[in-house]
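Commentary on secondary and tertiary structure
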Amino acid sequence: MAKKTKKTWKEMSPAARASFVAIGIAQVSLMIAAQRDISKRPAELINGPKAAWRMASMINFIGPMGYFVLGRKRPGVSA
């Protein structure tokens, strides 16, 4: 069985490079959006501690998406 090797940047096709950059931009944008929302949103409108959501939002796509889906309390919903 042949060992699969990683391609270097120079070995990647232009389309692969573009998609790599686009995914990176999307990831960083989601993280920044989550961090800004956590900073501006009052603690009583966030499910759980702000510090935990800050740490979670650093985890690739899963963290920021988890924050936007699960971390923010919905308007008009009281617990």
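Residues numbered from 1 in each chain as written. Predicted model: local features only at pLDDT ≥ 70, side-chain atom pairs only at ≥ 80, totals over all residues. Heavy atoms only, no water.

For the rest of this paragraph, the subject is the overall build of the protein chain. Scanning the protein chain from terminus to terminus reveals three helices and zero strands. Each helix and strand of the protein chain, placed in order from N terminus to C terminus, yields the pattern α-α-α. Radius of gyration (C-alpha) of the protein chain: 18 Å, far over the 12 Å computed for a compact globule of 79 residues. If one aligns the C-alpha atoms of the protein chain with their principal axes, the spans along those axes are about 55 × 30 × 20 Å. Within the protein chain, contacts between residues separated by at least 24 positions form 48% of all contacts whose residues are at least 6 apart in sequence. For the protein chain, the computed accessible surface area is about 6,200 Å², with 69% contributed by carbon and sulfur atoms. (Helix = DSSP H or I, 4+ residues; strand = E, 2+ residues; numbered from the N terminus. Rg over C-alpha atoms; globule rule 2.2 N^0.38 Å. Contact = heavy atoms within 4.5 Å. Areas by Shrake-Rupley, 256 points an atom, 1.4 Å probe, with all protein chains shown as cover.)

Here we come to the environment of Ala43. Of note, Ala43 is situated in the loop between helix H1 (14-40) and helix H2 (50-56). Spatially, the C-alpha atoms of Ala43 and Arg72 are 9.7 Å apart, while their sequence positions differ by 29 residues.

Count 3.6 residues to each turn of an α-helix, and residues three or four apart come out pointing the same way. Here H1 spans 39 Å end to end across 27 residues, near enough to the 39 Å set by a 1.5 Å rise per residue. Among the residues of H1, those classed as buried are Gln27, Ala34, Gln35, Asp37 and Ile38. Here the buried face of H1 lies against H2 and helix H3 (62-71). (Expected span 1.5 Å × (residues − 1). Buried < 20%, exposed > 50% of the residue type's maximum accessible area, 1.4 Å probe, protein only.)

Turning to the nonpolar core, a few remarks are in order. Ala34, Ile38, Ile46, Trp53 and Tyr67 together form the largest nonpolar core, which totals five residues. Setting aside its immediate chain neighbours within four residues, Ile38 contacts Ile46, Lys50, Trp53, Arg54, Ser57 and Tyr67. (Core = buried A, V, L, I, M, F, W, Y, C linked by side-chain atoms within 4.5 Å.)

Turning next to the pattern of salt bridges. Applying the stated criterion across every chain, the model contains two salt bridges. Note that Arg41 is salt-bridged to Asp37, the shortest N-O span being 2.9 Å. Here Asp37 makes a salt bridge to Arg72, at a shortest N to O gap of 3.6 Å. Here Asp37 is found in helix H1, whereas its partner Arg72 is found in the segment after H3, with 35 residues between them in sequence. Judged by relative accessible area, which is 17%, Asp37 ranks as buried. Residues joined by salt bridges that share partners form a network here, namely Asp37, Arg41 and Arg72. (Salt bridge = Lys/Arg side-chain N within 4 Å of Asp/Glu carboxyl O.)

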